Protein chains: 2
Amino acid sequence: MKTNPVIETLLNHRSIRKFKDQALTEDQIELLVKSAQAASTSSFTQSYSIIGVDDPEIKKQLRTIAYNSSYVEHNGFFFVFVADQYRNKKIGQKYNEDTSALDTTQRLIVALGDASFAAQNMAVAAESMGLGICYIGSIQNDINRTAEILQLPDDVYPIFGLAVGYPDQEPEKKPRLPFDVIYHKNHYNPEPSEDALKAYDEEVGKYYRTRTGGTREETWTGQIAQGLENPYRKALKPFLEKQHLGLR
Amino acid sequence: MKTNPVIETLLNHRSIRKFKDQALTEDQIELLVKSAQAASTSSFTQSYSIIGVDDPEIKKQLRTIAYNSSYVEHNGFFFVFVADQYRNKKIGQKYNEDTSALDTTQRLIVALGDASFAAQNMAVAAESMGLGICYIGSIQNDINRTAEILQLPDDVYPIFGLAVGYPDQEPEKKPRLPFDVIYHKNHYNPEPSEDALKAYDEEVGKYYRTRTGGTREETWTGQIAQGLENPYRKALKPFLEKQHLGLR
(Lines give C-alpha, C1' and ligand atoms only; values in the text may rest on other atoms or scores of the structure.)
Protein backbone atom coordinates (compact mmCIF):
# COMPACT_ATOMS: atom_id res chain seq x y z
CA MET A 1 0.00 0.00 0.00
CA LYS A 2 1.17 3.49 -0.88
CA THR A 3 1.89 5.50 2.21
CA ASN A 4 3.31 8.99 2.72
CA PRO A 5 5.18 10.84 5.52
CA VAL A 6 1.95 11.63 7.35
CA ILE A 7 0.68 8.05 7.34
CA GLU A 8 4.17 6.81 8.26
CA THR A 9 3.99 9.04 11.33
CA LEU A 10 0.58 7.66 12.26
CA LEU A 11 1.55 4.02 11.76
CA ASN A 12 4.76 4.49 13.68
CA HIS A 13 3.03 5.52 16.91
CA ARG A 14 4.03 4.02 20.22
CA SER A 15 3.45 5.55 23.65
CA ILE A 16 6.54 6.88 25.40
CA ARG A 17 6.83 6.49 29.17
CA LYS A 18 10.35 7.80 29.70
CA PHE A 19 11.45 11.23 28.55
CA LYS A 20 14.78 13.04 28.44
CA ASP A 21 15.24 15.96 30.78
CA GLN A 22 14.65 18.56 28.07
CA ALA A 23 11.79 21.03 28.21
CA LEU A 24 9.75 21.99 25.17
CA THR A 25 10.24 25.54 23.87
CA GLU A 26 7.45 28.12 23.78
CA ASP A 27 7.48 27.80 19.98
CA GLN A 28 6.94 24.06 20.17
CA ILE A 29 4.10 24.47 22.66
CA GLU A 30 2.41 27.04 20.45
CA LEU A 31 2.72 24.86 17.36
CA LEU A 32 1.29 21.88 19.25
CA VAL A 33 -1.69 23.88 20.50
CA LYS A 34 -2.35 25.35 17.06
CA SER A 35 -2.20 21.88 15.53
CA ALA A 36 -4.72 20.72 18.13
CA GLN A 37 -7.02 23.63 17.38
CA ALA A 38 -7.07 22.86 13.66
CA ALA A 39 -9.04 19.65 14.27
CA SER A 40 -12.76 19.41 13.53
CA THR A 41 -15.13 20.70 16.19
CA SER A 42 -18.80 19.73 16.40
CA SER A 43 -21.09 22.56 15.21
CA PHE A 44 -18.10 24.92 15.60
CA THR A 45 -18.66 24.99 19.39
CA GLN A 46 -14.96 24.42 20.30
CA SER A 47 -16.16 22.87 23.56
CA TYR A 48 -12.78 22.15 25.09
CA SER A 49 -9.76 23.83 26.63
CA ILE A 50 -6.13 22.89 26.93
CA ILE A 51 -4.22 23.51 30.14
CA GLY A 52 -0.45 23.57 29.75
CA VAL A 53 1.33 22.54 32.93
CA ASP A 54 4.96 23.40 33.55
CA ASP A 55 4.76 24.18 37.26
CA PRO A 56 6.79 21.33 38.85
CA GLU A 57 4.61 21.37 41.96
CA ILE A 58 1.42 20.84 39.94
CA LYS A 59 3.04 18.09 37.90
CA LYS A 60 4.07 16.36 41.10
CA GLN A 61 0.55 16.60 42.49
CA LEU A 62 -0.96 15.18 39.30
CA ARG A 63 1.58 12.36 39.40
CA THR A 64 0.33 11.22 42.81
CA ILE A 65 -3.17 10.88 41.31
CA ALA A 66 -1.94 9.04 38.20
CA TYR A 67 -0.55 5.82 39.71
CA ASN A 68 2.55 7.77 40.72
CA SER A 69 3.82 7.39 37.12
CA SER A 70 7.17 9.15 36.89
CA TYR A 71 6.53 10.38 33.33
CA VAL A 72 3.63 12.51 34.52
CA GLU A 73 6.16 14.55 36.47
CA HIS A 74 9.23 14.10 34.28
CA ASN A 75 8.61 15.06 30.67
CA GLY A 76 9.14 17.92 28.24
CA PHE A 77 5.72 19.39 28.94
CA PHE A 78 2.37 18.28 30.28
CA PHE A 79 -1.00 19.15 28.75
CA VAL A 80 -4.43 18.50 30.21
CA PHE A 81 -7.46 18.35 27.90
CA VAL A 82 -10.77 19.33 29.42
CA ALA A 83 -14.31 19.13 28.07
CA ASP A 84 -15.40 22.73 28.52
CA GLN A 85 -18.96 24.06 28.64
CA TYR A 86 -17.99 26.86 31.01
CA ARG A 87 -16.76 29.24 28.33
CA ASN A 88 -19.85 28.82 26.18
CA LYS A 89 -22.10 29.14 29.23
CA LYS A 90 -20.52 32.48 30.12
CA ILE A 91 -21.06 33.65 26.55
CA GLY A 92 -24.70 32.57 26.66
CA GLN A 93 -25.20 34.41 29.92
CA LYS A 94 -23.80 37.57 28.36
CA TYR A 95 -26.50 37.27 25.70
CA ASN A 96 -29.04 36.67 28.49
CA GLU A 97 -29.71 33.15 27.28
CA ASP A 98 -31.03 30.32 29.36
CA THR A 99 -27.94 28.06 29.20
CA SER A 100 -29.53 24.87 30.45
CA ALA A 101 -29.20 23.32 26.97
CA LEU A 102 -25.50 22.87 27.76
CA ASP A 103 -26.31 20.44 30.53
CA THR A 104 -27.31 17.55 28.25
CA THR A 105 -25.83 14.21 27.24
CA GLN A 106 -25.66 15.52 23.68
CA ARG A 107 -23.38 18.38 24.72
CA LEU A 108 -21.21 16.18 26.90
CA ILE A 109 -20.61 13.76 24.03
CA VAL A 110 -19.80 16.65 21.71
CA ALA A 111 -17.34 18.18 24.18
CA LEU A 112 -15.59 14.85 24.77
CA GLY A 113 -15.23 14.45 21.01
CA ASP A 114 -13.94 17.98 20.43
CA ALA A 115 -11.30 17.55 23.13
CA SER A 116 -10.26 14.14 21.81
CA PHE A 117 -9.92 15.27 18.18
CA ALA A 118 -7.77 18.18 19.33
CA ALA A 119 -5.64 15.96 21.54
CA GLN A 120 -5.05 13.41 18.82
CA ASN A 121 -3.99 16.16 16.42
CA MET A 122 -1.52 17.31 19.05
CA ALA A 123 -0.23 13.76 19.52
CA VAL A 124 0.35 13.42 15.78
CA ALA A 125 2.01 16.83 15.55
CA ALA A 126 4.30 15.98 18.46
CA GLU A 127 5.40 12.71 16.92
CA SER A 128 6.06 14.45 13.61
CA MET A 129 8.44 16.76 15.50
CA GLY A 130 10.41 13.82 16.88
CA LEU A 131 8.71 14.03 20.25
CA GLY A 132 6.98 11.19 22.07
CA ILE A 133 3.62 11.23 23.83
CA CYS A 134 1.61 9.33 26.39
CA TYR A 135 -2.05 9.88 27.21
CA ILE A 136 -2.71 9.97 30.95
CA GLY A 137 -6.32 8.96 31.55
CA SER A 138 -5.45 8.25 35.16
CA ILE A 139 -5.69 11.93 36.12
CA GLN A 140 -9.34 10.83 36.51
CA ASN A 141 -8.39 8.44 39.34
CA ASP A 142 -9.15 11.24 41.80
CA ILE A 143 -11.10 13.55 39.58
CA ASN A 144 -12.20 15.88 42.34
CA ARG A 145 -8.61 16.46 43.38
CA THR A 146 -7.51 16.97 39.75
CA ALA A 147 -10.25 19.56 39.32
CA GLU A 148 -9.11 21.27 42.51
CA ILE A 149 -5.43 21.34 41.48
CA LEU A 150 -6.25 22.83 38.07
CA GLN A 151 -8.87 25.17 39.58
CA LEU A 152 -11.59 23.97 37.24
CA PRO A 153 -14.94 25.73 37.49
CA ASP A 154 -18.31 24.03 37.06
CA ASP A 155 -19.08 22.75 33.55
CA VAL A 156 -15.50 21.57 32.98
CA TYR A 157 -14.32 17.95 32.96
CA PRO A 158 -10.63 16.89 32.87
CA ILE A 159 -10.52 13.90 30.51
CA PHE A 160 -6.84 13.11 30.18
CA GLY A 161 -3.36 14.48 30.31
CA LEU A 162 -0.86 14.28 27.47
CA ALA A 163 2.77 13.94 28.48
CA VAL A 164 5.04 15.16 25.69
CA GLY A 165 8.81 15.16 25.43
CA TYR A 166 11.98 13.79 23.90
CA PRO A 167 11.85 9.98 24.06
CA ASP A 168 14.37 8.25 26.30
CA GLN A 169 13.26 4.75 25.29
CA GLU A 170 12.45 2.90 22.07
CA PRO A 171 9.51 0.62 22.82
CA GLU A 172 8.20 -1.91 20.34
CA LYS A 173 5.02 -1.08 18.48
CA LYS A 174 2.05 -2.61 20.25
CA PRO A 175 0.07 -4.85 17.88
CA ARG A 176 -3.50 -3.82 17.15
CA LEU A 177 -6.60 -5.98 16.71
CA PRO A 178 -6.86 -7.75 13.33
CA PHE A 179 -8.48 -5.61 10.66
CA ASP A 180 -11.58 -7.80 10.39
CA VAL A 181 -12.23 -7.63 14.12
CA ILE A 182 -12.30 -3.83 14.33
CA TYR A 183 -13.83 -3.29 10.88
CA HIS A 184 -17.42 -4.15 9.92
CA LYS A 185 -19.01 -3.95 6.48
CA ASN A 186 -22.34 -2.10 6.23
CA HIS A 187 -23.66 -3.70 9.42
CA TYR A 188 -22.17 -4.50 12.79
CA ASN A 189 -20.85 -8.06 12.83
CA PRO A 190 -21.52 -9.48 16.30
CA GLU A 191 -19.36 -12.59 15.75
CA PRO A 192 -15.70 -11.69 15.24
CA SER A 193 -13.63 -14.59 13.95
CA GLU A 194 -12.42 -16.87 16.75
CA ASP A 195 -9.34 -17.68 14.69
CA ALA A 196 -8.47 -14.01 14.25
CA LEU A 197 -8.74 -13.39 18.00
CA LYS A 198 -6.65 -16.47 18.73
CA ALA A 199 -3.93 -15.37 16.33
CA TYR A 200 -4.02 -11.92 17.92
CA ASP A 201 -3.68 -13.41 21.41
CA GLU A 202 -0.54 -15.18 20.21
CA GLU A 203 0.83 -11.99 18.69
CA VAL A 204 0.19 -10.01 21.89
CA GLY A 205 1.68 -12.82 23.96
CA LYS A 206 4.85 -12.63 21.89
CA TYR A 207 4.94 -8.84 22.28
CA TYR A 208 4.87 -9.10 26.08
CA ARG A 209 7.43 -11.92 26.18
CA THR A 210 9.85 -9.92 24.01
CA ARG A 211 9.29 -6.76 26.02
CA THR A 212 9.77 -8.39 29.41
CA GLY A 213 12.47 -10.93 28.54
CA GLY A 214 9.96 -13.74 28.93
CA THR A 215 8.63 -12.86 32.40
CA ARG A 216 5.18 -11.62 31.37
CA GLU A 217 2.75 -14.19 29.94
CA GLU A 218 -0.42 -12.56 28.74
CA THR A 219 -3.05 -12.71 26.05
CA TRP A 220 -5.15 -9.78 24.93
CA THR A 221 -8.46 -11.48 25.60
CA GLY A 222 -7.21 -12.56 29.02
CA GLN A 223 -6.24 -8.98 29.79
CA ILE A 224 -9.64 -7.70 28.67
CA ALA A 225 -11.49 -10.27 30.76
CA GLN A 226 -9.37 -9.48 33.82
CA GLY A 227 -10.02 -5.77 33.40
CA LEU A 228 -13.72 -6.41 33.86
CA GLU A 229 -13.24 -7.56 37.42
CA ASN A 230 -12.74 -4.14 38.87
CA PRO A 231 -15.08 -1.25 38.22
CA TYR A 232 -13.07 1.84 39.16
CA ARG A 233 -13.15 5.62 39.06
CA LYS A 234 -16.58 5.44 40.62
CA ALA A 235 -16.46 9.17 41.35
CA LEU A 236 -16.87 10.08 37.66
CA LYS A 237 -20.66 10.02 37.53
CA PRO A 238 -21.17 12.09 40.69
CA PHE A 239 -18.48 14.46 39.43
CA LEU A 240 -20.35 14.96 36.13
CA GLU A 241 -23.49 15.64 38.14
CA LYS A 242 -21.70 18.12 40.37
CA GLN A 243 -20.30 19.87 37.27
CA HIS A 244 -23.74 20.08 35.62
CA LEU A 245 -22.61 17.98 32.69
CA GLY A 246 -24.77 15.56 30.80
CA LEU A 247 -27.51 14.70 33.20
CA ARG A 248 -30.43 14.69 30.80
CA MET B 1 7.54 28.56 13.54
CA LYS B 2 9.14 25.49 11.96
CA THR B 3 6.53 23.18 10.54
CA ASN B 4 6.76 19.95 8.54
CA PRO B 5 4.53 18.05 6.06
CA VAL B 6 2.54 16.43 8.87
CA ILE B 7 1.82 19.70 10.66
CA GLU B 8 1.04 21.38 7.33
CA THR B 9 -1.60 18.69 6.77
CA LEU B 10 -3.08 19.31 10.21
CA LEU B 11 -3.12 23.10 9.87
CA ASN B 12 -4.61 22.89 6.41
CA HIS B 13 -7.77 21.09 7.55
CA ARG B 14 -11.18 22.21 6.37
CA SER B 15 -14.34 20.12 6.28
CA ILE B 16 -15.51 19.07 2.81
CA ARG B 17 -19.23 18.93 2.12
CA LYS B 18 -19.19 18.18 -1.61
CA PHE B 19 -17.34 15.21 -3.07
CA LYS B 20 -16.59 14.04 -6.58
CA ASP B 21 -18.33 10.91 -7.78
CA GLN B 22 -15.29 8.70 -7.27
CA ALA B 23 -15.28 5.78 -4.86
CA LEU B 24 -12.34 4.96 -2.63
CA THR B 25 -10.41 1.79 -3.47
CA GLU B 26 -10.15 -1.18 -1.11
CA ASP B 27 -6.49 -0.30 -0.64
CA GLN B 28 -7.37 3.23 0.44
CA ILE B 29 -10.01 1.96 2.85
CA GLU B 30 -7.58 -0.49 4.38
CA LEU B 31 -4.90 2.16 4.80
CA LEU B 32 -7.40 4.52 6.43
CA VAL B 33 -8.57 1.87 8.89
CA LYS B 34 -5.02 0.85 9.74
CA SER B 35 -4.11 4.49 10.33
CA ALA B 36 -7.10 4.79 12.64
CA GLN B 37 -6.09 1.67 14.55
CA ALA B 38 -2.58 2.99 15.19
CA ALA B 39 -3.94 5.68 17.54
CA SER B 40 -3.62 5.38 21.30
CA THR B 41 -6.24 3.31 23.11
CA SER B 42 -6.97 3.57 26.81
CA SER B 43 -5.56 0.61 28.76
CA PHE B 44 -5.24 -1.23 25.43
CA THR B 45 -8.98 -1.98 25.49
CA GLN B 46 -9.61 -0.91 21.85
CA SER B 47 -13.19 -0.13 22.84
CA TYR B 48 -14.48 0.94 19.43
CA SER B 49 -15.39 -0.42 16.04
CA ILE B 50 -15.49 1.07 12.57
CA ILE B 51 -18.34 0.32 10.20
CA GLY B 52 -17.56 0.95 6.56
CA VAL B 53 -20.68 1.78 4.57
CA ASP B 54 -20.78 1.49 0.80
CA ASP B 55 -24.31 0.11 0.39
CA PRO B 56 -26.15 2.98 -1.37
CA GLU B 57 -29.41 2.11 0.39
CA ILE B 58 -27.84 2.38 3.85
CA LYS B 59 -26.14 5.65 2.94
CA LYS B 60 -29.49 7.02 1.79
CA GLN B 61 -31.17 5.96 5.04
CA LEU B 62 -28.43 7.57 7.13
CA ARG B 63 -28.76 10.73 5.07
CA THR B 64 -32.42 11.11 6.05
CA ILE B 65 -31.36 11.06 9.71
CA ALA B 66 -28.51 13.53 9.18
CA TYR B 67 -30.40 16.67 8.14
CA ASN B 68 -30.74 15.16 4.66
CA SER B 69 -27.17 16.30 3.94
CA SER B 70 -26.30 15.19 0.41
CA TYR B 71 -22.67 14.47 1.29
CA VAL B 72 -23.76 11.69 3.66
CA GLU B 73 -25.05 9.84 0.61
CA HIS B 74 -22.67 11.15 -2.06
CA ASN B 75 -19.03 10.67 -1.13
CA GLY B 76 -16.11 8.35 -1.79
CA PHE B 77 -16.89 6.22 1.25
CA PHE B 78 -18.72 6.51 4.54
CA PHE B 79 -17.41 5.32 7.89
CA VAL B 80 -19.29 5.13 11.18
CA PHE B 81 -17.36 5.10 14.44
CA VAL B 82 -19.00 3.35 17.36
CA ALA B 83 -18.07 3.14 21.02
CA ASP B 84 -17.98 -0.61 21.49
CA GLN B 85 -18.24 -2.55 24.76
CA TYR B 86 -19.98 -5.47 23.06
CA ARG B 87 -16.81 -7.16 21.83
CA ASN B 88 -15.09 -6.96 25.19
CA LYS B 89 -18.24 -8.11 26.98
CA LYS B 90 -18.38 -11.24 24.81
CA ILE B 91 -14.73 -11.91 25.60
CA GLY B 92 -15.40 -11.48 29.32
CA GLN B 93 -18.32 -13.89 29.13
CA LYS B 94 -16.11 -16.48 27.46
CA TYR B 95 -13.81 -16.22 30.48
CA ASN B 96 -16.89 -16.52 32.70
CA GLU B 97 -16.38 -13.03 34.05
CA ASP B 98 -19.03 -10.82 35.53
CA THR B 99 -18.98 -8.08 32.87
CA SER B 100 -20.90 -5.43 34.76
CA ALA B 101 -17.74 -3.32 35.11
CA LEU B 102 -18.23 -2.38 31.45
CA ASP B 103 -21.44 -0.56 32.28
CA THR B 104 -19.82 2.41 33.99
CA THR B 105 -19.25 6.06 33.19
CA GLN B 106 -15.52 5.36 33.26
CA ARG B 107 -15.81 2.81 30.47
CA LEU B 108 -18.12 5.00 28.40
CA ILE B 109 -15.67 7.90 28.54
CA VAL B 110 -12.81 5.58 27.60
CA ALA B 111 -14.73 4.15 24.65
CA LEU B 112 -15.71 7.59 23.36
CA GLY B 113 -12.06 8.62 23.56
CA ASP B 114 -10.75 5.50 21.82
CA ALA B 115 -13.21 5.96 18.95
CA SER B 116 -12.39 9.66 18.61
CA PHE B 117 -8.60 9.18 18.58
CA ALA B 118 -9.02 6.55 15.87
CA ALA B 119 -11.36 8.72 13.85
CA GLN B 120 -9.07 11.73 14.01
CA ASN B 121 -6.15 9.61 12.85
CA MET B 122 -8.28 8.51 9.92
CA ALA B 123 -9.22 12.11 9.13
CA VAL B 124 -5.56 13.13 9.10
CA ALA B 125 -4.57 10.12 6.97
CA ALA B 126 -7.36 10.89 4.49
CA GLU B 127 -6.29 14.51 4.11
CA SER B 128 -2.68 13.45 3.62
CA MET B 129 -3.91 11.31 0.69
CA GLY B 130 -5.56 14.30 -0.97
CA LEU B 131 -9.01 13.28 0.24
CA GLY B 132 -11.45 15.48 2.16
CA ILE B 133 -13.50 14.59 5.21
CA CYS B 134 -16.53 15.69 7.16
CA TYR B 135 -17.62 14.40 10.55
CA ILE B 136 -21.32 13.62 10.70
CA GLY B 137 -22.45 13.89 14.32
CA SER B 138 -26.02 14.17 13.12
CA ILE B 139 -26.35 10.40 12.69
CA GLN B 140 -27.27 10.78 16.38
CA ASN B 141 -30.36 12.82 15.45
CA ASP B 142 -32.37 9.60 15.46
CA ILE B 143 -29.99 7.36 17.30
CA ASN B 144 -32.41 4.47 17.67
CA ARG B 145 -32.97 4.37 13.92
CA THR B 146 -29.21 4.62 13.23
CA ALA B 147 -28.61 1.68 15.56
CA GLU B 148 -31.33 -0.26 13.78
CA ILE B 149 -29.94 0.47 10.30
CA LEU B 150 -26.44 -0.59 11.30
CA GLN B 151 -27.76 -3.56 13.31
CA LEU B 152 -25.95 -2.52 16.45
CA PRO B 153 -26.22 -4.84 19.44
CA ASP B 154 -26.42 -3.70 23.06
CA ASP B 155 -23.28 -2.06 24.46
CA VAL B 156 -22.57 -0.19 21.21
CA TYR B 157 -23.06 3.53 20.61
CA PRO B 158 -22.79 5.21 17.17
CA ILE B 159 -20.99 8.51 17.81
CA PHE B 160 -20.44 9.97 14.37
CA GLY B 161 -19.97 9.21 10.73
CA LEU B 162 -16.98 10.27 8.68
CA ALA B 163 -17.68 11.08 5.04
CA VAL B 164 -14.50 10.71 2.96
CA GLY B 165 -13.88 11.42 -0.68
CA TYR B 166 -12.28 13.53 -3.38
CA PRO B 167 -13.12 17.19 -2.68
CA ASP B 168 -15.35 18.95 -5.18
CA GLN B 169 -15.08 22.32 -3.42
CA GLU B 170 -12.34 24.48 -1.93
CA PRO B 171 -13.75 26.07 1.20
CA GLU B 172 -11.88 28.70 3.19
CA LYS B 173 -10.23 27.62 6.41
CA LYS B 174 -12.54 28.32 9.34
CA PRO B 175 -10.80 30.51 11.92
CA ARG B 176 -10.25 29.00 15.35
CA LEU B 177 -10.51 30.66 18.78
CA PRO B 178 -7.54 32.84 19.73
CA PHE B 179 -4.72 30.89 21.34
CA ASP B 180 -5.13 32.53 24.74
CA VAL B 181 -8.82 31.69 24.88
CA ILE B 182 -8.37 27.94 24.32
CA TYR B 183 -5.05 27.69 26.19
CA HIS B 184 -4.62 28.06 29.95
CA LYS B 185 -1.38 28.11 31.94
CA ASN B 186 -1.14 25.78 34.93
CA HIS B 187 -4.67 26.63 36.08
CA TYR B 188 -7.97 27.14 34.31
CA ASN B 189 -8.48 30.81 33.56
CA PRO B 190 -12.19 31.55 33.99
CA GLU B 191 -11.98 35.01 32.44
CA PRO B 192 -10.97 34.87 28.77
CA SER B 193 -9.99 38.24 27.35
CA GLU B 194 -13.01 40.23 26.16
CA ASP B 195 -10.82 41.87 23.53
CA ALA B 196 -9.68 38.52 22.18
CA LEU B 197 -13.26 37.29 21.87
CA LYS B 198 -14.32 40.53 20.20
CA ALA B 199 -11.50 40.30 17.66
CA TYR B 200 -12.47 36.70 17.03
CA ASP B 201 -16.10 37.67 16.47
CA GLU B 202 -14.92 40.11 13.81
CA GLU B 203 -12.74 37.48 12.17
CA VAL B 204 -15.59 34.95 12.10
CA GLY B 205 -17.96 37.62 10.80
CA LYS B 206 -15.58 38.29 7.94
CA TYR B 207 -15.29 34.56 7.21
CA TYR B 208 -19.08 34.23 6.84
CA ARG B 209 -19.40 37.40 4.76
CA THR B 210 -16.68 36.20 2.35
CA ARG B 211 -18.15 32.73 2.17
CA THR B 212 -21.71 33.87 1.49
CA GLY B 213 -21.02 36.94 -0.63
CA GLY B 214 -22.14 39.18 2.20
CA THR B 215 -25.51 37.58 2.93
CA ARG B 216 -24.65 35.94 6.25
CA GLU B 217 -23.93 38.23 9.20
CA GLU B 218 -22.81 36.27 12.23
CA THR B 219 -20.46 36.37 15.15
CA TRP B 220 -19.08 33.35 16.90
CA THR B 221 -20.36 34.31 20.34
CA GLY B 222 -23.77 35.06 18.83
CA GLN B 223 -23.82 31.63 17.24
CA ILE B 224 -22.84 29.96 20.50
CA ALA B 225 -25.52 31.82 22.46
CA GLN B 226 -28.16 30.96 19.88
CA GLY B 227 -27.19 27.30 19.98
CA LEU B 228 -28.10 27.21 23.66
CA GLU B 229 -31.74 27.85 22.91
CA ASN B 230 -32.52 24.38 21.72
CA PRO B 231 -31.61 21.26 23.64
CA TYR B 232 -31.79 18.46 21.09
CA ARG B 233 -31.06 14.78 20.59
CA LYS B 234 -32.95 14.13 23.81
CA ALA B 235 -33.01 10.42 23.01
CA LEU B 236 -29.29 10.03 23.73
CA LYS B 237 -29.54 9.45 27.46
CA PRO B 238 -32.35 6.87 27.24
CA PHE B 239 -30.42 5.22 24.39
CA LEU B 240 -27.30 4.92 26.56
CA GLU B 241 -29.45 3.41 29.29
CA LYS B 242 -31.03 0.95 26.88
CA GLN B 243 -27.55 -0.04 25.62
CA HIS B 244 -26.23 -0.57 29.17
CA LEU B 245 -23.60 2.11 28.77
CA GLY B 246 -22.35 4.38 31.47
CA LEU B 247 -25.11 4.43 34.02
CA ARG B 248 -23.07 4.30 37.18
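Conventions adopted
- Residues numbered from 1 in each chain as written.
- Chains lettered and ligands numbered in written order.
- Predicted model: local features only at pLDDT ≥ 70, side-chain atom pairs only at ≥ 80, totals over all residues.
- Heavy atoms only, no water.
- Buried < 20%, exposed > 50% of the residue type's maximum accessible area, 1.4 Å probe, protein only.
- Helix = DSSP H or I, 4+ residues; strand = E, 2+ residues; numbered from the N terminus.
- Contact = heavy atoms within 4.5 Å.
- Core = buried A, V, L, I, M, F, W, Y, C linked by side-chain atoms within 4.5 Å.
- Domains from an automatic or database assignment.
- Least-squares fit on C-alpha atoms with pLDDT ≥ 70 in both.
- Pairing = 2+ DSSP bridges.
- Buried area = accessible area lost by both parts, 1.4 Å probe.
- Salt bridge = Lys/Arg side-chain N within 4 Å of Asp/Glu carboxyl O.
- Polar contact = N/O pair within 3.5 Å; in protein donor to acceptor, adjacent residues only side chain to side chain.
- Nonpolar A, V, L, I, M, F, W, Y, C, P; charged D, E, K, R; others polar.
- Axes fitted to C-alpha atoms, helices over the stretch in contact; angles between N-to-C directions.
- Parallel < 35°, antiparallel > 145°, perpendicular 65-115°, else oblique.

Trainee: Help me get a handle on helix α10 (residues 220–227) of chain A, residues and values and all.
Mentor: Of all eight residues in α10(A), six are buried, a share of seventy percent or more. The complete set of buried residues in α10(A) reads A:Trp220, A:Thr221, A:Gly222, A:Gln223, A:Ile224 and A:Ala225. Elements in contact with the buried residues of α10(A): α9 (194–212) of chain A together with α5 (86–94) of chain B.

Trainee: Just give me the short version of the nonpolar core, but keep the residues and values in it.
Mentor: Within the largest apolar cluster, 163 residues are counted, with the highest numbers of intra-cluster contacts made by A:Phe79, A:Tyr157, B:Phe79 and B:Tyr157. If near-sequence neighbours (up to four positions away) are discounted, B:Tyr157 is found in contact with A:Ile109, B:Phe81, B:Val82, B:Ala83, B:Gln140, B:Ile143, B:Leu236, B:Phe239, B:Leu240 and B:Leu245.

Trainee: I'd like a rundown of the environment of B:Val6, residues and numbers included.
Mentor: In this structure, B:Val6 sits in helix α1 (residues 5–11). Sequence separation of B:Val6 and B:Ile159 is 153 residues, and the distance between their C-alpha atoms is 26 Å. Excluding residues that lie within four positions of it along the chain, B:Val6 makes contacts with A:Pro5, A:Val6, A:Thr9, A:Val124 and A:Ser128.

Trainee: Please give an account of the domain arrangement of chain A that cites residues and values.
Mentor: Examined at the domain level, chain A breaks down into domain 1 (5–171 + 233–242) and domain 2 (179–217). Just the C-alpha atoms count here: the centres of domain 1 of chain A and domain 2 of chain A sit 29 Å apart.

Trainee: Help me get a handle on unusual backbone geometry, residues and values and all.
Mentor: The backbone of A:Gln151 sits at a positive phi, close to 55°, despite the residue not being glycine. Summarising the element assignment, A:Gln151 is placed in the loop between α7 (143–149) and β4 (156–165).

Trainee: Lay out the relation of the copies chain B and chain A with the relevant residues and their values.
Mentor: Between the two copies of the chain lies a rotation about an axis combined with a shift along it. With an RMSD of 0.0 Å, the fit of chain B onto chain A corresponds to turning through 180° and sliding 0.0 Å along the axis. Overall, the copies show the geometry of a two-fold rotation axis. The position closest to the rotation axis in chain B is occupied by the C-alpha of B:Val6, lying 2.5 Å away. In this assembly the copies share their binding face: 100% of the residues contributing to the interface of chain B also contribute to that of chain A.

Trainee: Lay out the pairing of strand β3 (residues 132–136) of chain B with the relevant residues and their values.
Mentor: All names here are of chain B. Counting buried positions along β3 yields five of five residues, so the element is predominantly enclosed. Pairing geometry for β3 and strand β4 (residues 156–165), over five bridges, is antiparallel. Looking at the pairing, glycine 132 lines up with glycine 165 of β4.

Trainee: I'd love a proper account of the interface of chain B and chain A, names of residues and values included.
Mentor: Tallying the contact residues gives 121 residues for chain B and 122 residues for chain A. When residues of chain B are sorted by the area they lose upon contact with chain A, B:Phe44, B:Tyr188 and B:Leu228 head the list and together hold 9% of the total. Residue B:Glu194 is joined to A:Lys94 by a salt bridge in which the shortest nitrogen-to-oxygen separation is 2.8 Å. Our count for the chain B to chain A interface comes out at 54 residue pairs in polar contact (both at pLDDT 80 or more). No other element matches the 13 residues that helix α6 (residues 105–128) of chain B contributes to the side of chain B that touches chain A. Its residues assigned to classes, the side of chain B that touches chain A comprises 61 nonpolar, 36 polar and 24 charged. With three bridges joining them, strand β1 (residues 48–53) of chain A and strand β5 (residues 183–185) of chain B adopt parallel strand pairing. Bridged to A:Ile51 within β5(B) is B:His184.

Trainee: Outline the sheet that holds strand β2 (residues 77–84) of chain A, supporting the account with residue identities and numerical values.
Mentor: In sheet architecture, strand pairing relies on hydrogen bonds along the backbone and comes in two forms, parallel and antiparallel. On the basis of which strands lie adjacent, the open sheet formed by five strands has the order β3(A)-β4(A)-β2(A)-β1(A)-β5(B) and mixed pairing. Of all the strands in the sheet, just β3 (132–136) of chain A together with β5 of chain B have a single pairing partner and so form its edges. Within this sheet the neighbouring strands show an average axis-to-axis angle of 25°, counted without direction. Across eight bridges, β2(A) lies against β4(A) in antiparallel orientation. Within the sheet, the bridge partner assigned to A:Val80 lies in β4(A) and is A:Gly161.

Trainee: A description of the packing of helix α5 (residues 86–94) of chain A against helix α10 (residues 220–227) of chain B should follow, citing residues and the corresponding values.
Mentor: Running from N to C, α5(A) and α10(B) point in directions that differ by 90°, and their axes come no closer than 8 Å. Considered as vectors, α5(A) and α10(B) are oriented roughly perpendicular to each other. Judged by residue contacts, A:Asn88, A:Ile91 and A:Gly92 of α5(A) engage B:Trp220, B:Thr221, B:Ile224 and B:Ala225 from α10(B). Here the contact of α5(A) with α10(B) is composed, by residue class, of four nonpolar, three polar and no charged.

Trainee: Can you lay out the pairing of strand β1 (residues 48–53) of chain B for me, pointing to particular residues and giving the numbers?
Mentor: All names here are of chain B. The element β1 is extensively covered by neighbouring structure, given that six of its six residues are classed as buried. Going residue by residue along β1, you find Tyr48, Ile50 and Gly52 tucked away on one face and Ser49, Ile51 and Val53 tucked away on the opposite face as well. Where β1 and strand β2 (residues 77–84) come together, six bridges link them in antiparallel fashion. Residue pairing across strands places serine 49 opposite valine 82, the latter belonging to β2.

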